Amino acid sequence: MQTPLPRVLLGPGPSSISPKVQEALSRAPIGYLDPELFEITDRIRARLRTVFGTQNAFTIPLTGTGMAGMECCFANVIEPADKVLVGIHGFFGHRMAEIARRLGADVITVEAEWGEVLEPAAIAKALDAAGKVKLVACVHAETSTGICQPLEEIAKLAREHGALFLVDTVTSLGGMPVEVDRLGIDISYSATQKCIGAPSGISPITVSERAWAVRQQRRAPVEWYFDWVLLKDYYDAPHTYHHTVPANLLYALDAALEEIEEEGLEERWRRHVAVSTLLREQLKELGIKAFGRAEHRLPTLNAFYVPDAIDNEANVRARLLQDYGIEIGGGLGKLKGKIWRIGTMGSSATPRNVLLLSAALRTVLN
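Residues numbered from 1 in each chain as written. Predicted model: local features only at pLDDT ≥ 70, side-chain atom pairs only at ≥ 80, totals over all residues. Heavy atoms only, no water.

Draft legend 1. Quick look at unusual backbone geometry. Each neighbour pair has its own omega, and for Gly13 with Pro14 the value is 5°, a cis peptide bond. For Pro14, the position within the fold is in the loop between strand E1 (8-9) and helix H1 (19-25). Here the amide bond leading from Ala237 into Pro238 is cis, since omega sits at 10°, within 30 degrees of zero. Here Ala81, not a glycine, exhibits a phi torsion of approximately 80°, which is positive. For Ala81, the location among the structural elements is in the loop between helix H3 (66-77) and strand E3 (83-88). Look at Ala81 and you get exposed, because its relative accessible area is 59%. With a phi close to 55°, Glu179 is a non-glycine residue in the positive phi region. (Helix = DSSP H or I, 4+ residues; strand = E, 2+ residues; numbered from the N terminus. Buried < 20%, exposed > 50% of the residue type's maximum accessible area, 1.4 Å probe, protein only.)

Draft legend 2. Representation of the environment of Asn353. Mapped onto the secondary structure, Asn353 falls in helix H13 (residues 351-365). Each C-alpha atom, one on Asn353 and one on Glu295, is 24 Å from the other, the two residues being 58 residues apart in sequence. For Asn353, the contacting residues outside a window of four places in its chain are Val8, Leu10, Ser347 and Ser348. (Contact = heavy atoms within 4.5 Å.)

Draft legend 3. Quick look at the pattern of salt bridges. Here the structure, examined in full by the defined rule, presents 24 salt bridges. Of the charged contacts in the structure, one is a salt bridge between Asp82 and Lys134, with a shortest N-O distance of 2.8 Å. Note that Asp82 is positioned in the loop between H3 and E3 and Lys134 in the loop between helix H5 (120-130) and strand E5 (135-139), a separation of 52 residues in sequence. For Asp82, a relative accessible area of 15% translates into the label buried. One continuous salt-bridge network, built from bridges that share partners, spans Lys20, Arg43, Arg47, Asp254, Glu258, Glu261 and Glu262. (Salt bridge = Lys/Arg side-chain N within 4 Å of Asp/Glu carboxyl O.)

Draft legend 4. Main features of the nonpolar core. One finds Phe74, Phe165 and Trp228 to be the most contacted residues of the largest nonpolar core, which totals 89 residues. Counting residues per element, this core draws most heavily on helix H10 (residues 247-263), which supplies 10 residues. Here Phe74 is in contact with Val84, Met96, Ile99, Ala100, Leu103, Leu135, Ala137 and Leu166, once residues within four sequence places are set aside. Counting residues in each nonpolar core, the second largest holds 22 residues, with Val275, Ala290, Ala349 and Ala360 among its members. (Core = buried A, V, L, I, M, F, W, Y, C linked by side-chain atoms within 4.5 Å.)

Draft legend 5. Spotlight on the packing of helix H11 (residues 265-285) against H13. Contact geometry of H11 with H13 gives a least axis separation of 9 Å together with a crossing angle of 15°. Taken together, H11 and H13 sit at an angle that is classed as roughly parallel. Note that H11 runs across H13; the crossing there is right-handed. Judged by residue contacts, Val275, Leu278, Leu279, Gln282, Leu283 and Glu285 of H11 engage Pro351, Val354, Leu355, Leu357, Ser358, Leu361 and Arg362 from H13. (Axes fitted to C-alpha atoms, helices over the stretch in contact; angles between N-to-C directions. Parallel < 35°, antiparallel > 145°, perpendicular 65-115°, else oblique. Left-handed = near helix turned anticlockwise from the far one by under 90°.)

Draft legend 6. Representation of the state of the cysteines in the model. Considering all chains together, one arrives at zero disulfides under this definition. In this structure Cys73 is a free cysteine whose sulfur lies 5.1 Å from that of Cys72, the closest cysteine sulfur available. Looking at Cys73, the relative accessible area reads 0%, which means it is buried. (Disulfide = S-S within 2.5 Å.)

Shown next as structure tokens:
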């Protein structure tokens, strides 16, 4: 069996993992009810609270990728005919709305141009017109555009209208401030393969007491696998069996969170800013322009316009991968073929990787 050659992962995810995380992943597995496993999950939950910026008791490493986290978080609070307002400023906002519709919600959307941010005034107008809204949702770090959505005003509007506030932090958690409690975010989900620096397969989620109360009061049952009540019974003592959790992924997540703790969360945020700044400087020298307004660009996922002289941007990405082992991403949806998406996340966020990419791009473009 042929093993893929090592990659420099600078796409929209996954990011590279460190030797420490790789070693943790290779340890012998243990059972899903092993007392030592719950020592690890308790430690993971405490560390996730720090990274999320929350004291929420129900903060867990959900088995599944970020999309599992998205569906799980919507499924526990939405019942048929509930009004849900989804702010959309990219591909993953549309996916939020689609999941809410499939759960039977009456979905109201507020849309911004891809590359722009949602304006609080537009959210306020939609909330005033909608009547009773149960949930307001949006993406913090939109992976399809490299744009960061300011959250404070939207959180305030949701609270004023008696709605829960749900936020996708897949491409922000661990790489930039999230501040769940300070902002008043009720529900958030993320993924481990981006800024956290662990393999894919785990979706950290956190739930406020307000959101937990809504779950407890619902009339319709929740899909079994994603039911917060059943998951809580597994993660909290006396630990009732729910499903076979991936012990090795939990080992790796524990090691990645320990690395965040050792680096320091604020220092980690600064590293992501410094590396993304270097990337923009390097690509500017190559005549490659950054996408979106500077004040809203992410430090974790960087979007750039494909140069006009490039007839087939996919060929450039293919050559980077084939000749240099460097992965970058193309555009999604309406930005397909128009932008490149370059991740500076977790262990991939190093000056060395940026300089490797810029040298390889210089050669390929010439």
